[in-house]
Amino acid sequence: MQHNLSLVHSSVPKAKIWAVVKANAYGHGLDRSMRAFADADGLALIEPDSALGLREKGWGKPILLLEGFFHERDLPAIAASNLAFAVHCNEQIAMLEKTRLNQQVCVHLKMNTGMNRLGFKPHEYRAAFERLRTIPSVGSISFMTHFANAEEKGHVRMPVEEQYVRFQRGSDGLPGERNLSNSAAILLHPGLHTDWVRPGVMLYGGTPGNKTALEFGLKPAMTLNSEIIQIVDIEAGDAVGYGSLFVAPKPMRVGVVACGYADGYPRCAPDGTPILVEGVRTRLVGRVSMDMITVDLTPVPNAHVGSLVTLWGEGLPIDDVAEAAGTVGYELMCALSVRPRIVER
Ligand SMILES: *Cc1c(COP(=O)(O)O)cnc(C)c1O
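Residues numbered from 1 in each chain as written. Predicted model: local features only at pLDDT ≥ 70, side-chain atom pairs only at ≥ 80, totals over all residues. Heavy atoms only, no water.

Q: Tell me about the nonpolar core, and name the residues and values.
A: Phe37, Phe85, Leu96, Leu109, Tyr265 and Trp312 are the most contacted members of the largest nonpolar core, which has 107 residues in total. The element that contributes the greatest number of residues to this core is helix α9 (residues 183-188), accounting for five residues. Here this core spans two domains, since at least three of its residues come from each of domain 1 (2-206) and domain 2 (224-335). Apart from the residues lying within four places of it in its own chain, the contact partners of leucine 96 are Phe69, Leu75, Phe85, Val87, Leu101, Val105, Val107, Leu132, Ile135, Ser137 and Val138. (Core = buried A, V, L, I, M, F, W, Y, C linked by side-chain atoms within 4.5 Å. Buried < 20%, exposed > 50% of the residue type's maximum accessible area, 1.4 Å probe, protein only. Helix = DSSP H or I, 4+ residues; strand = E, 2+ residues; numbered from the N terminus. Domains from an automatic or database assignment. Contact = heavy atoms within 4.5 Å.)

Q: Account for the site of the ligand, with residues named and values stated.
A: Neighbouring the ligand are the residues Val20, Lys22, Tyr26, Leu66, His146, Asn182, Ser183, Arg198, Pro199, Gly200, Val201 and Tyr330. Backbone polar atom of glycine 200 to an oxygen atom of the ligand: 2.9 Å apart, as the coordinates give it. At 2.8 Å, a backbone N or O of valine 201 approaches an oxygen atom of the ligand. In terms of residue class, the shell around the ligand is built from six nonpolar, four polar and two charged. (Near = heavy atom within 4 Å. Polar contact = N/O pair within 3.5 Å; in protein donor to acceptor, adjacent residues only side chain to side chain. Nonpolar A, V, L, I, M, F, W, Y, C, P; charged D, E, K, R; others polar.)

Q: Give me the packing of helix α7 (residues 122-133) against helix α8 (residues 160-171): which residues, what numbers.
A: Look at α7 against α8: their axes get within 8 Å of each other, and the N-to-C directions meet at 35°. Note on packing geometry: the crossing formed by α7 with α8 is right-handed. Along its contact with α7, which presents Pro122, Tyr125 and Arg126, the element α8 presents Arg166, Phe167, Arg169, Gly170 and Ser171. Of the residues contributing to the contact of α7 with α8, the split by class is three nonpolar, two polar and three charged. (Axes fitted to C-alpha atoms, helices over the stretch in contact; angles between N-to-C directions. Left-handed = near helix turned anticlockwise from the far one by under 90°.)

Q: So, the pattern of salt bridges: which residues are in play, and what are the values?
A: Applying the stated rule across the entire model yields 14 salt bridges. Of the charged contacts in the structure, one is a salt bridge between glutamate 344 and arginine 35, with a shortest N-O distance of 3.1 Å. In this pair, glutamate 344 is assigned in the segment after α12 (329-335) and arginine 35 in helix α3 (residues 30-36), connecting sequence segments 309 residues apart. Taking the relative accessible area as the measure of exposure, arginine 35 reaches 48% and is therefore partly exposed. One salt-bridge network, held together by shared partners, links Arg32, Arg35 and Glu344. (Salt bridge = Lys/Arg side-chain N within 4 Å of Asp/Glu carboxyl O.)

Q: I'd like a description of the environment of aspartate 271, backed by residues and values.
A: In this fold, aspartate 271 is placed in the loop between β12 (252-257) and β13 (274-277). Considering only alpha carbons, one finds aspartate 271 and threonine 294, 23 residues apart in sequence, at a separation of 9.6 Å. Not counting residues up to four positions away in its chain, the partners in contact with aspartate 271 are Phe246, Leu284, Val285 and Gly286. Polar side-chain contacts of aspartate 271 include one of 2.7 Å to the backbone nitrogen of glycine 286.

All we've got here are geometric facts, nothing functional implied.
Here's what the structure looks like:
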């Protein structure tokens, strides 16, 4: 994680870094990421409770709530703990106007530049800024947007360039810091002018785009390992697992691995999803169960009960597994359940 953070630094040397640690640091643990990202300029996340927890654990640098505050009643604690927050709609501004706070707050005014999720449209942006500026408890205002397609160059519907131009126009001349790029924008559009960047998935060694983590120089932070707990010899025509979905075309050895969807392994992973056994790349066969999966041991004749199995991470990019399962590495990381034992190296 430290290595990946330093790679953000070298990609955008002038920008300050919000290390994004939402969703339990994409499944990697908040405490761990607080230590790993000690050199980041700030931590950004969604969950106000986790943000307050980071303060209690001693994180003294900036913290940013990426979706802002959800309820007026949360504002006093957010202000008292000096949490910066996004403001994306007029309802939030109205709540700020109504609430008397003992501390001044740092606001990141969000612009909807084409993703049509959160934020003010460019033509509403200045009015939102002026309204915020008159609120006594608003100490500083920064400017923020989020890209829909930074992992693709020249996206047909909404390219980064178009969103960037809209952002520049909408915020032209407004005094304050700019806060733009996610991992994809950092890796593929490092030239965008922005004071702050917001890397998430790249810090954990996943990639948002079509290049692999290795090509970008990123290292996997999480490796999900297990072991073979039984080996079964099956005949041609024998079926494996629930639904009897996989049918052996020839006699083969199947390894039963202690890992299933209750650990966070995706149930939708189809036959052929890559898996390492003793470091050898083989494939999932049969349906993923709650506590087990089954693997083809044909390419690993020396496999035995106790053989090391890698589901993703070191030696097997999480993005490869995600692609086979029809999802993204992000989802696999965040979906890691409470069952796997965490071993820190
Ligand atoms: C999650 C998130 C990020 C980080 O995105 P990655 O693709 O993981 O780098 C950045 N900005 C906002 C607003 C986010 O919600």
